Every structure is written in C-alpha cells, then in structure tokens.
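Overview (structure and organization)
Letter by letter, the chains look like this.
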Amino acid sequence: STQSTGLGEIIKNIDAFPKVEESYVSTSSFGGIVTLICWIGIAALLYSEINYFLSPNLEYKYTVDREADQKLEINVDMTVAMPCNLLGADVLDIWGQNIGDTELLKEELVPFELAENQKMFLKLQGAGQDKGQDHARLEDLIGDRSMKLVPRDDHGKAVPKDACRLHGRIPVDKVKGNFHILSGRSVQLPGMGHAHLQFGNVQKNFSHRIDGLTFGNRVQGMFYALDGEHKIAPTADYSYQYYIQIVPTKYITDDINVQTYQYTVEEQVRSVDHKAGNTAQLGSS
C-alpha cells in the first residue's frame, strides 16, 4: 500500500500542468457527457492511427523491363468441349515461328459439365461477375482466396468425358506472339511454319472454361482477369480471341518479394461463315 502511494506521488510530480483543487470542482451531467464524448473521440483517433499503421497503402513504381532475354512462363489450365485428339495447341511469334514447346502441356480427357460442388464453389467465389468493377485496385485483392477450382465430386456417378483439359507451364521468349488452341493437331513444317491437320468432317465445339491463366509466378491474392472465364458457343462455327497486354510486376510486402506479371484482356467473339466471306481460324487464342 505504501509502495502504491509512493508511485502515485511520483506520477503526480511528473505532471507539469497545474490542477484545480477538488474542493473547487463541481460535477454535472453535462460535464460528464462532454468528458464521455472526449474519451470516445480519443479512442476513435487511436484506433484510426493503429489501423493506418497496420494497413499501409501499396506504392506503385514503373520501370523498364531489363530482363528481356529471360524466358516467360505461361501457366494455363483450360478445358475445351472437344476430345483431345481433335485439338492442337501452339505458341507462335508474329512471323509464325514456334517460340514455345506446347508438348509440355498435359492433355486429359474430362467431363466438360461442372459437378455440383464445383458450381457451388464458383458461385461462392463470385465467378462470372464484372471483375473489372469488383476489383478496381490491387489493394482490394490482398488476402482474397484463390480461384483454383476444387476437385469434382460426382458421388460415384458415371459422367461422360467429352472435353479436353490442357494444363501445364510453357516457357516462351519475351516477344509478341499468339497462343492458339485450334481444331486439328498442330504440326511444325520445316522452313514453312506450322499447320493444323484434321481428317474428316469433325463436329466442332469451342465452348471452353479457363480455370487459370497466369504469366510467371502466381501470387496469392493478385487479380487474374481470365480466371474462372466460362464460354458456351451457341453454334459450331464460333471463334474466341483474347487480346492480352502483359505488364512485368515486382510484388513486395513484408512476407513476399517476387517477380511476376499482371495482364489486361480484351475479348473478341465471332461467328465464322465462309460462304459470306467472314473467315477466321476456329478455336481460342
């Protein structure tokens, strides 16, 4: 008790501001309300400052990519509603030369229709919404869950495998080019570029689902515009094209320091009618 009294006297002596004697102080309800409001204001300011300190804003800096001679990895996980033996993939530069080994892509025959548990997962993730408006800033994405699709659960039911899942990592040169998935097997012709060979009259269906498309390392919480993209072709003669602009990104936080890439995308969908002179390669690119 004596020690507590001594400590209290020391604290009072530290306070350099003069205090009014208690005998001259009269309490009132109004004074109590003012005091309560002041304490609430102090608590709100304290909370705001602590929150600001723990949640710093991201700082953006723009520099030239000085690693143009290094390879860029395309990480793709895409399902097309056609059997694998009727599809071919290639990565070409603007002169038609092969710049990536698509043999590294794994082909897997799978059902195109999602299982009920996968549909529920995508619904909870908000797939199919206007992602550009939902996530306007990178800061809003930190901590978001990954869009990686959960494994299907058919509860023991037999489901027809009518689609081809192409997934894997393709190292490519950092040049302007095209990544095609077209009807017919891709064949490289020495000195003549490449061709897609198909035999017979094949029923085409380029309905597709992109479960993941990134360039470089995937960073948890970063926004990837084509993750969860799902297209159903109304007719067989439909072509889908995605025009992508890739931006090198160095992502640095207290926990992460990684070189990766972000991208923006524009989409073109067209019906191919050779009789009307409206021609294009059937497929996705």
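Further up the page is the structure itself.
These notes cover the structure that comes with them.

Thresholds, definitions, all that
- Throughout, residues of each chain are indexed from 1 in the direction in which the sequence is written.
- The predicted nature of this model means local features are confined to residues of pLDDT at least 70 and side-chain atom pairs, given and counted, to a pLDDT of 80 or more, with totals for whole chains, interfaces and linings taken over all residues.
- Based on all heavy atoms of the structure, the side-chain values leave hydrogens and waters out of the count.
- In this scheme, strands are said to pair when DSSP sees at least two bridges between them.
- A run of H or I in DSSP counts as a helix once it spans at least four residues, and a run of E counts as a strand once it spans at least two, with each numbered from the N terminus.
- We call a set of buried Ala, Val, Leu, Ile, Met, Phe, Trp, Tyr and Cys residues a nonpolar core when their side-chain atoms join them within 4.5 Å.
- Relative accessibility under 20% of the residue-type maximum defines a buried residue, over 50% an exposed one, and the middle range a partly exposed one, all with a 1.4 Å probe and only protein chains included.
- Contact criterion: two residues are considered in contact whenever any of their non-hydrogen atoms come within 4.5 Å of each other.
- Counting of polar contacts relies on pairs of N or O atoms within 3.5 Å, with two restrictions inside protein: one atom must be capable of donating a hydrogen and the other of accepting it, and residues adjacent in sequence are counted only when both atoms are side-chain atoms.
- Throughout, a disulfide means two cysteine sulfur atoms within 2.5 Å of one another.
- Cavities and pockets were defined on a 1 Å grid built over protein atoms only: a cavity is a set of grid points that admits a 1.4 Å probe from which the probe cannot escape, a pocket is an open set flanked by protein on both sides within 12 Å along at least five of seven lines, and lining residues are those with an atom within 4 Å of any such point.
- Grid points are joined across faces, edges and corners, and a volume is the space filled by probe spheres set on the points.
- Gly is placed with the polar residues, together with every amino acid not listed as nonpolar (Ala, Val, Leu, Ile, Met, Phe, Trp, Tyr, Cys and Pro) or charged (Asp, Glu, Lys and Arg).

Time to look at the pairing of strand 12 (residues 257-271). As judged from the 15 bridges shared by strand 11 (residues 238-252) and strand 12, these two strands associate in the antiparallel manner. Across the sheet, the residue bridging to Y251 is V258, located in strand 12.

Turning next to the nonpolar core. Grouped together as the largest cluster of nonpolar side chains are 34 residues, with contacts concentrated most on L87, L166, F179, I181 and L213. Residues within four places of L213 in sequence aside, it is in contact with I74, N75, V76, R218, Y224, L226, D227, I244 and Y263.

As a further point, take the side chain of D211. With respect to the helices, strands and loops of the structure, D211 is situated in strand 9 (residues 208-215). Under the relative-accessibility criterion, D211 is labelled buried at 12%. A distance of 3.2 Å separates a polar atom in the side chain of D211 from a polar atom in the side chain of R209.

Moving on, we get to the state of the cysteines. Tallied over the full model, the rule gives one disulfide. The disulfide partner of C84 is C164, and the S-S distance across this bridge is 2.1 Å. Every disulfide takes its handedness from the sign of the S-S torsion; for C84 and C164 that torsion is 100°, giving right-handed. Here the residue C84 occupies a position in the loop between strand 1 (72-80) and strand 2 (87-93), and C164 occupies one in strand 5 (residues 163-172), the gap between them amounting to 80 residues. The same class applies to C84 and to C164, which are both buried.

Structurally, V175 is set in the loop between strand 5 and strand 6 (177-183). When its relative accessible area of 44% is taken as the criterion, V175 is described as partly exposed. Placed 82 residues apart in sequence, V175 and D93 show a C-alpha to C-alpha distance of 6.8 Å.

What the second largest pocket holds in volume is close to 950 Å³. Forming the walls of the second largest pocket are 32 residues, and the residues nearest its centre are G177, N178, F215, I244 and I246. At the level of secondary structure, the elements contributing two or more residues to the lining of the second largest pocket comprise strand 1, strand 6, strand 9 and strand 11. Top element by residues in the lining of the second largest pocket is strand 11. It accounts for seven residues. By residue class, the composition of the lining of the second largest pocket is 21 nonpolar, seven polar and four charged.

By themselves, these observations are geometric and do not establish any function.
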